[in-house]
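Here are the chains, one letter per residue:
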Amino acid sequence: MRYAYFPGCSLSSSGIEFNLSFQCVSRALGIDLVEVRDWVCCGASSAHATSHLLSIALPVLNLSHAENDGFDRLIAPCLACMSRFKAANVELEHDPELREKIHEVFDYKYQGKVKVYHPLEVFLEMGLERIREKIRKKLKGLKVVCYYGCVLTRPPKVAQFDNVENPQSMDSIIRTLGAEAIDWSYKTECCGVSMTLTRSDIVLKLSNDILREAKEAGADAIVVCCPLCQANLDGRQRQIEEIYKTRYELPILYITQLMGLAFGAYPKEVGIQKLITSPREALGLIGLM
Amino acid sequence: MSVVFSKENLKLARKIQSLTGENVMLCYQCKKCTLGCPSAYTMKMKPHELMRAIQLGLEEEISWSGTLWICLSCETCNTRCPQDINILRVIDGFREMSKDMNYYNPQPFIPALHRIFMALVERFGKIYELGLALAINLRMLTPFKDIDMAYPMLSRGKLKLLPHKSRGAKELQQVMARIRKIEKG
Ligand code: SF4
Ligand code: SF4
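Residues numbered from 1 in each chain as written. Chains lettered and ligands numbered in written order. Predicted model: local features only at pLDDT ≥ 70, side-chain atom pairs only at ≥ 80, totals over all residues. Heavy atoms only, no water.

The next point concerns the domain arrangement of chain B. Partitioning chain B into domains gives domain 1 (7-97) and domain 2 (110-184). Taking the mean C-alpha position of each, domain 1 of chain B and domain 2 of chain B sit 28 Å from one another. (Domains from an automatic or database assignment.)

Following this line, the structure appears as structure tokens:
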């Protein structure tokens with residue numbers, strides 16, 4: 001199946017291994033990705049804090065390119081982008097006044113025909129059976145917690161995916177890969193990343209809560225599906241350990257990295273070397289490093 | 001201080017409603033928003049108190065509390081509100097309005113960050129992470145904040161020294177210019 005692909009700003013910098021591993025898994029599963037022509041930033045959490053119209057216009061600019069080029073499905077792996085794109089579609093559908101204003105801004109009149117997906121939605125739509133078929137190496141012996149972050153399922157009117165307070169999509173993929181997905185209560189707690197440059201004290205507290213709970217649950221690693229969660233929980237882990245006088249050493253892996261490894265890819269192909277907290281021990285458990 | 005519902009005080013709630021479509025008068029103070037809010041622990045005015053303050057027209061108190069800017073945009077409150085109020089949309093509307101208000105804001109760096117973010121996006125079409133971090137650090141007078149995070153990112157090629165310009169930057173600049181024109185009326 002052919003999709004317009006919106007990597008967004010993060011996937012070419014701090015989330016580069018998400019890009020590598022998602023592309024690797026897509027090739028294996030037959031997901032055909034075509035990068036959105038001349039894409040620009042979605043505005044993340046800054047556009048909607050400054051101008052509502054702008055926060056809709058930026059996703060629409062990208063969606064129009066996809067629509068104009070004949071796509072009716074778009075994948076955005078970063079949850080901030082995905083959420084802004086979905087919100088733009090939903091608001092335009094329900095608010096004729098906004099639609100009119102947006103049409104004033106653009107020469108091309110976006111018809112709202114491009115459906116927005118997160119990679120997890122695409123995987124689940126293809127089915128766990130399809131994933132199972134591709135497995136060359138079961139990840140037996142690895143215990144993880146799945147951390148879904150804030151907006152994969154929230155608000156349900158916009159996200160329209162998975163169980164809002166207790167999502168299961170990643171857990172079911174992890175179990176299909178042969179690893180153990182431990183149940184825990186921090187799946188959708190916010191890590192605070194939007195405040196990372198200005199109020200890092202908030203980010204350190206919220207991220208510490210998540211790391212502590214994961215450790216207490218007995219996880220060898222945290223599995224994520226968003227480059228912002230990953231950069232935060234991985235990149236700030238040393239600071240957190242120092243401030244809270246503790247030791248976590250919890251690798252923060254993308255779901256697509258574990259899928260890729262299970263499909264037989266080399267660690268390098270899925271960007272394992274890009275992780276800051278070393279996953280050597282965790283991947284050693286499944287004989288991969 | 002005693003505050004009452006009055007025609008005068010209702011003006012703020014009506015203003016928010018016309019801007020965002022959200023009716024804060026529906027809030028009956030159940031506190032579900034606050035109980036799930038990850039940054040409520042550090043807010044002087046919690047989300048449910050913010051809703052009450054809007055009902056009572058306490059514009060200045062809201063600005064002084066800093067709550068508008070400490071909100072992380074995590075969407076938990078909207079998801080759980082039994083009255084189906086989109087609280088984040090209310091907060092965003094207030095943030096937008098505050099551009100034209102001259103009240104004290106105890107968190108000036110957060111709106112400053114949003115402005116720098118958008119200025120960089122307008123220039124390059126994408127975000128330039130290192131530039132953004134440096135610019136806001138200088139504004140906060142903490143030039144070396146988080147410098148310990150930079151090296152592991154740089155050495156793994158996860159942080160670019162120089163900005164990359166999107167080919168779509170020009171179109172984006174046109175769009176932003178048109179929006180400014182529409183918003184000026
Ligand atoms: S959850 Fe809704 S009704 Fe309850 S206090 Fe918050 S805003 Fe008011
Ligand atoms: S969106 Fe803001 S106010 Fe609502 S729960 Fe999240 S941080 Fe709190």
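Right, picking up where we left off after that structure.
Attention shifts here to the packing of helix H5 (residues 96-105) of chain A against helix H11 (residues 169-184) of chain B. Direction vectors running N to C along H5 of chain A and H11 of chain B enclose 130°, while the axes themselves pass 9 Å from each other. Compared by their axis directions, H5 of chain A and H11 of chain B come out oblique. As for the relative orientation of H5 of chain A and H11 of chain B, their crossing is right-handed in sense. On H11 of chain B, the residues touching Lys101, Glu104 and Val105 of chain A of H5 of chain A are Val175, Arg178, Ile179 and Ile182 of chain B. Grouping the constituent residues of the contact of H5 of chain A with H11 of chain B by class yields four nonpolar, no polar and three charged. (Axes fitted to C-alpha atoms, helices over the stretch in contact; angles between N-to-C directions. Helix = DSSP H or I, 4+ residues; strand = E, 2+ residues; numbered from the N terminus. Parallel < 35°, antiparallel > 145°, perpendicular 65-115°, else oblique. Left-handed = near helix turned anticlockwise from the far one by under 90°. Contact = heavy atoms within 4.5 Å. Nonpolar A, V, L, I, M, F, W, Y, C, P; charged D, E, K, R; others polar.)

With that out of the way, let us pick up the site of ligand 1. Residue and element names in this part refer to chain B. Neighbouring ligand 1 are 13 residues; Cys27, Cys30, Lys31, Cys33 and Cys81 lie closest to it. Of the pockets mapped on this structure, ligand 1 occupies the second largest cavity. Residue assignment for the shell around ligand 1 shows that the elements contributing at least two residues are helix H2 (32-36) and helix H3 (47-55). Counted by class, the shell around ligand 1 contains eight nonpolar, three polar and two charged residues. (Near = heavy atom within 4 Å. 1 Å grid on protein atoms, 1.4 Å probe; cavity = no way out; pocket = protein on both sides within 12 Å on 5 of 7 lines; lining within 4 Å. Sits in = over half its atoms within 2 Å of the grid points.)

This part covers the site of ligand 2. All names here are of chain B. Residues in close proximity to ligand 2 include Cys37, Pro38, Ser39, Pro47, Cys71, Leu72, Ser73, Cys74, Glu75, Thr76, Cys77 and Ile91, which together make up its full environment. At a threshold of 2 Å from the grid points, most atoms of ligand 2 map onto the largest cavity. Looking at the shell around ligand 2 residue by residue, the class counts come to eight nonpolar, three polar and one charged.

The subject of this paragraph is the pairing of strand E1 (residues 2-5) of chain A. Residues and elements named next belong to chain A. Where E1 lies against strand E2 (residues 32-35), four bridges are found, and the strand directions are parallel. Bridge pairing in E2 links Ala4 to Val34. Where E1 meets strand E3 (residues 73-75), two bridges bridge the pair, whose relative direction is parallel. Paired with Ala4 across the bridge in E3 is Leu74. (Pairing = 2+ DSSP bridges.)

Attention shifts here to the environment of Tyr104 of chain B. Residue and element names in this part refer to chain B. Among the structural elements, Tyr104 can be located in the loop between helix H7 (87-97) and helix H8 (109-124). A relative accessible area of 46% places Tyr104 in the partly exposed class. In the structure, Tyr104 is positioned 36 residues away from Met140 in sequence and 17 Å away in space, judged by C-alpha atoms. Not counting the four nearest positions on each side in its chain, Tyr104 is found in contact with Ser63 and Trp64. (Buried < 20%, exposed > 50% of the residue type's maximum accessible area, 1.4 Å probe, protein only.)

Residue and element names in this part refer to chain A. By the assigned domains, chain A splits into domain 1 (2-119) and domain 2 (136-284). Using only C-alpha atoms to locate each centre, domain 1 and domain 2 end up separated by 24 Å. Across the contact, 25 residues belong to domain 1 and 27 residues belong to domain 2. Between domain 1 and domain 2, roughly 2000 Å² of surface is buried when both sides are summed, and carbon and sulfur atoms account for 76% of that area. (Buried area = accessible area lost by both parts, 1.4 Å probe.)

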